[in-house]
Amino acid sequence: MPPLRLKRYLLTGLLTFIPLWVTWLVFKFVLGVLVDIGAPLVGALLGALALVAPRTAAVLGSAWSTYIVALLITLGALYLLGALANRVIGQRVIGAFDGVLARIPVVQTIYGGTKKLMAVLQNKPSGVQRVVLVEFPRRGMRVVGF
């Protein structure tokens, strides 16, 4: 096989693999974070269950079942939070919470920035975008804009 074809196939394979690998890493990270949120509650539930039914607690105490139950608990809590946030009372509570966080200097910067980022990611781009050169920051200099 010629060296040029070998390089091309290796590069094509690498460019095919990297997006799949990055997707897997992000997916694994997000699932890990969600499981870490629910894991303490699962541990407490297993501890209480061990008092009543030790064998059942031992079976449910395996790593996979703990992982799945913690993930389900967290997803359920996120669902309930989303349902609450869509109600009028939930919007008032979130508004009050935003007001409290807006008064704490460092927290407001992080929370406000994250909230703005989530708002931008939720909005689909409207209209046609095109690339333009804008004269900025001074005369004679140009930057790329959309």
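As the structure is a computational prediction, the values presented were derived from the model and not from experiment.

*Asks:* Which parts of the structure should I look at to understand the packing of aromatic side chains?
*Replies:* How two aromatic rings sit relative to each other is given by the distance of their centres and the angle of their planes. This structure, assessed with the given rule, holds 2 aromatic pairs. Where W64 meets Y67, the ring centres are 6.2 Å apart and the plane angle is 65°; that geometry is what we call edge-to-face. One end of the pair is W64 and the other is Y67, both in helix α3 (residues 63-85) and 3 residues apart, which spans about a single turn. Given a relative accessible area of 29%, Y67 falls into the partly exposed group. A ring pair is formed by F97 and Y111, whose centres lie 6.1 Å apart and whose planes are at 90°; its orientation type is edge-to-face. Pair noted here: F97 is in helix α4 (residues 88-102) and Y111 is in helix α5 (residues 105-122), with a separation of 14 residues, a long-range link. The exposure class assigned to F97 is partly exposed, which follows from its relative accessible area of 47%. Taking relative accessible area as the criterion, Y111 reaches 26% and is therefore assigned partly exposed.

*Asks:* Could you clarify how one ought to interpret the side chain of S65 in this entry?
*Replies:* Mapped onto the elements of the fold, S65 is located in helix α3. Those residues in contact with S65 that sit more than four places away from it in its chain are V59 and L60.

*Asks:* Sorry, what's going on with the environment of T74 here?
*Replies:* Among the structural elements, T74 can be located in helix α3. Considering only alpha carbons, one finds T74 and A63, 11 residues apart in sequence, at a separation of 16 Å. Leave out the neighbours within four places in its chain, and T74 touches L34, I37 and G38. Within polar-contact distance, the side chain of T74 engages the backbone oxygen of A70 at 2.9 Å.

*Asks:* How should the layout of surface pockets be read in this particular structure?
*Replies:* A probe as big as a water molecule, rolled over the atoms, marks out the empty space that is left. Approximately 390 Å³ is the volume attributed to the largest pocket. Secondary structure elements with two or more residues in the lining of the largest pocket: α4 and α5. Among the elements that make up the lining of the largest pocket, the one with the highest residue count is α5 (6 residues). The class makeup of the residues in the lining of the largest pocket is 5 nonpolar, 2 polar and 2 charged.

*Asks:* Help me out: how do you make sense of the environment of L25 in this one?
*Replies:* In this fold, L25 is placed in helix α1 (residues 3-52). As a C-alpha pair, L25 and A53 span 28 residues in sequence and 37 Å in three-dimensional space.

*Asks:* Help me understand the environment of D98, please; the structure alone is not making it clear to me.
*Replies:* Mapped onto the elements of the fold, D98 is located in helix α4. Owing to a relative accessible area of 22%, D98 belongs among the partly exposed residues under this scheme. When the C-alpha positions of D98 and K115 are compared, they lie 9.9 Å apart, and in sequence the two are 17 residues distant. Excluding its chain neighbours within four sequence positions, the residues that come into contact with D98 are Y111 and K115. A distance of 2.5 Å separates polar atoms of two side chains, one belonging to D98 and the other to Y111.

*Asks:* Sorry if this is basic, but what is going on with the pattern of salt bridges here?
*Replies:* Opposite charge on two side chains allows them to pair when their charged atoms are near. A full pass over the atoms with the stated rule returns 1 salt bridge. In this structure, D98 engages K115 in a salt bridge whose closest nitrogen and oxygen atoms are separated by 2.6 Å. Placement of the pair is D98 in helix α4 and K115 in helix α5, with a sequence separation of 17 residues.

Calculation criteria
Residues numbered from 1 in each chain as written. Predicted model: local features only at pLDDT ≥ 70, side-chain atom pairs only at ≥ 80, totals over all residues. Heavy atoms only, no water. Phe/Tyr/Trp six-rings, centres within 6.5 Å; stacked < 30°, edge-to-face > 60°. Helix = DSSP H or I, 4+ residues; strand = E, 2+ residues; numbered from the N terminus. Buried < 20%, exposed > 50% of the residue type's maximum accessible area, 1.4 Å probe, protein only. Contact = heavy atoms within 4.5 Å. Polar contact = N/O pair within 3.5 Å; in protein donor to acceptor, adjacent residues only side chain to side chain. 1 Å grid on protein atoms, 1.4 Å probe; cavity = no way out; pocket = protein on both sides within 12 Å on 5 of 7 lines; lining within 4 Å. Points joined across faces, edges and corners; volume = space filled by probe spheres on them. Nonpolar A, V, L, I, M, F, W, Y, C, P; charged D, E, K, R; others polar. Salt bridge = Lys/Arg side-chain N within 4 Å of Asp/Glu carboxyl O.

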